[in-house]
Amino acid sequence: INSEQPYRTWYHFQPPKNWMNDPNGPMYYKGVYHFFYQYNPDGATFGKNMVWAHSVSKDLINWIHLNDAITPTCAGDINSCFSGSATILPGEKPVMLYTGIDEKRHQVQNLATPKNLSDPYLREWEKHPQNPLMTAPNEVEEREFRDPSTAWKGKDGKWRVIIGAQNGDEGKVILYKSDDFDTWIVDPNPFLVTEGTGVIECPDFFPVYINSTNGVDTSMENSSVRHVLKISYQRTHIDYYLIGKYVSDSDQEKFIPDEKYSGTWNDLRFDYGKFFASKSFFDYAKNRRILWAWVRETDSRQDDIEKGWAGLQAIPRKFWLDKSGKQLMQWPIEELEKLRDNQVSITGETLLTRSTLEVKGITASQVDVEVLFELPDLESAELLDPSEVDPQVLSSEQYASRKGVIGPFGLQALASEDQTERTTISFRIYRVVDRYICLMCSDMSRSSLRQGLDKTIYATIFDIDPSIKTISLRSLIDRSIIESFGDGGRACITSRAYPFYAIDRDAHLFVFNDGSQSVVISQLNAWSMKQAEFGTESII
Ligand code: DQQ
């Protein structure tokens, strides 16, 4: 199957076949992780009859696929069951709020609950007799009103939930409140409005600790936390998040972001590559907040039909508020390390200017690789005019071809032996007046000799401390996906690659340095990754 399916992953979450998109209702419940997702049971493209497929796991890495959990059956969802979220109500009762596409193709919000709470896998779900519980309020388009978040309790004891929406060109996040989870009243003040963006999808809202990497339950509201609002834009397929202050106990219930959404590259993102419709949940087994996200294909629709599948989920990430309070940090969940197989290490190797070193002895098509680079004296970094500090400009061909000083250096993943095919994940350091910045790129332009693929160069910029001596890069390479974590999870870029030559045993991994200054591989560890286990269970 591998040579017929060179792009099917080994350790990323995938259904056995067909189209998958958004993560839905992730939760941990009584020893089991549940993962639901948007799924088309009829084929490898987005469908007319979208359902919630369901899988369960003990470790978020190895999975059992169950029967579809929520499917179109009633007037309120007859044309599809779209995205939604889990809330665990008092008394350990999980419920799902989800969007139904009704008979008129309006988007409405429905509730589903497990049929049998003593079934450890919660296989069957039943719908609330009063569905839909919410229909589009004033100033929201009936066909653009979707994706209820996990609910939280405010200081007044009422439940709250937010829903993505649109009115004309305005993106909206709408707040609803309820005493009993059945009757929901819309708040007249939208939770967020963004001009000129179009619809907001899959809003997510949760607290993060100021002084801890631990996660916290969604209803926490006190001075030990800040709040994060994540929004997804259909128009650009980009997820952004805002960090700010939330107060539920005043007449004017409000989330006040520290920085407003600006529509520029300054807006915060979880990931600067392909990473969309993300959703987090609080994992109370390990006191952490975990992020799931859909990583779509960047090949053609026809390719997807031929493969018989489309869509991946990123490896779940633990995330937390950085010490600066200005951004979130992310790291692949520790359970992934169980799949690490034979290890290869390189220590104290100097990479002279224009040099390349192959990481040998691993299965380079499925690797987890971590490198710590030792930097030369930052004083020598290229000087950049502040007006040029734009990742899109800096990663353009014209700029990238200018010879660097400190960098670009990094990894060449899913590379052919002669490196004509390669995905380059790099760092390049610049000085801007009196501060230093790092440009991180995931350059897909040479990722495949095949035509008709999206070969975007993804890039982001982050500030670095002038006293830093080292910088780290971790990449999760898995046949057609590369998830890269720069500087300990400060900057993340996920990309898809469909190499023509660099598949299976013909894939190679290199470390390289194209800067005029040498860099040192202080430590590199790479592990061939074992295949995650996916079992299938069918009740019928
Ligand atoms: N996908 C779902 C919608 C959501 C969109 C439909 C985001 O609920 O808005 O599959 O990718």
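Remember, it's a predicted structure, so these values are computed and weren't measured experimentally. (Residues numbered from 1 in each chain as written. Predicted model: local features only at pLDDT ≥ 70, side-chain atom pairs only at ≥ 80, totals over all residues.)

A. Examining the nonpolar core more closely. Residues Ile70, Ile174, Ala293, Val367 and Leu509 are the most contacted members of the largest nonpolar core, which totals 148 residues. Each of domain 1 (20–334) and domain 2 (340–529) gives at least three residues to this core. Ignoring anything within four residues of it in the chain, the contact list for leucine 509 reads Val359, Ile362, Ala364, Val367, Val369, Leu411, Ala413, Ala415 and Ala526. (Core = buried A, V, L, I, M, F, W, Y, C linked by C-beta atoms within 7 Å. Buried ≥ 20, exposed ≤ 12 C-beta atoms within 10 Å, placed from the backbone. Domains from an automatic or database assignment. Contact = placed C-beta atoms within 7 Å.)

B. Region of the structure containing the UniProt feature "domain: Glycosyl hydrolase family 32 N-terminal" (unreviewed entry) in the protein chain. On the UniProt side, "domain: Glycosyl hydrolase family 32 N-terminal" (unreviewed entry) is annotated at positions that read residues 12–332 here. The straight-line gap between the two end C-alpha atoms of residues 12–332 is 12 Å; of that span, 2% is helix and 47% is strand. (UniProt positions renumbered as here; feature names shortened; annotations may be inferred. Helix = DSSP H or I, 4+ residues; strand = E, 2+ residues; numbered from the N terminus.)

C. Quick look at the pairing of strand S31 (residues 435–443). In terms of burial, S31 is largely enclosed, as seven of its nine residues are buried. Where strand S30 (residues 423–432) and S31 come together, nine bridges link them in antiparallel fashion. Bridge pairing links serine 426 to cysteine 441 in S31. What sits between S30 and S31 in their antiparallel hairpin is a turn of two residues, with valine 433 showing a positive phi close to 50°. As judged from the eight bridges shared by S31 and strand S32 (residues 457–464), these two strands associate in the antiparallel manner. Looking across to S32, one finds that serine 442 is bridged to tyrosine 458. (Pairing = 2+ DSSP bridges.)

D. Representation of the UniProt feature "domain: Glycosyl hydrolase family 32 C-terminal" (unreviewed entry) in the protein chain in the model. Here the UniProt feature "domain: Glycosyl hydrolase family 32 C-terminal" (unreviewed entry) sits at residues 335–528. A distance of 15 Å separates the end C-alpha atoms of residues 335–528, which is 4% helix and 52% strand.

E. Looking closely at the site of the ligand. The full set of residues close to the ligand is Asn21, Asp22, Gln38, Met50, Phe82, Ser83, Thr99, Arg146, Asp147, Glu201, Cys202 and Ala277. Within the residue set of the shell around the ligand, elements represented by two or more residues are strand S1 (18–29), strand S5 (81–89) and strand S15 (200–209). When its residues are assigned to classes, the shell around the ligand shows four nonpolar, four polar and four charged. (Near = placed C-beta within 6 Å. Nonpolar A, V, L, I, M, F, W, Y, C, P; charged D, E, K, R; others polar.)

F. Representation of the sheet that holds strand S25 (residues 340–351) in the model. Taken in spatial order, the six strands line up as S25-S37-S27-S33-S34-S35 in an open sheet, and their pairing is antiparallel. The open sheet is flanked by S25 and strand S35 (491–496), the only strands paired with a single partner. Strand-to-strand twist in this sheet, taken as the mean axis angle between neighbours without regard to direction, amounts to 15°. In this structure, strand S27 (residues 366–374) lies alongside strand S33 (residues 470–478), joined through nine bridges in antiparallel fashion. Paired with glutamine 366 across the two strands is aspartate 478, which belongs to S33. (Axes fitted to C-alpha atoms, helices over the stretch in contact; angles between N-to-C directions.)

G. Inspection of the confidence of the model for the protein chain at higher detail. When pLDDT is averaged along the protein chain, the result is 96, and 99% of the positions lie at 70 or above. Interface predicted TM-score (ipTM) for the complex: 0.99; the corresponding pTM is 0.97. (pLDDT = per-residue confidence, 0-100.)

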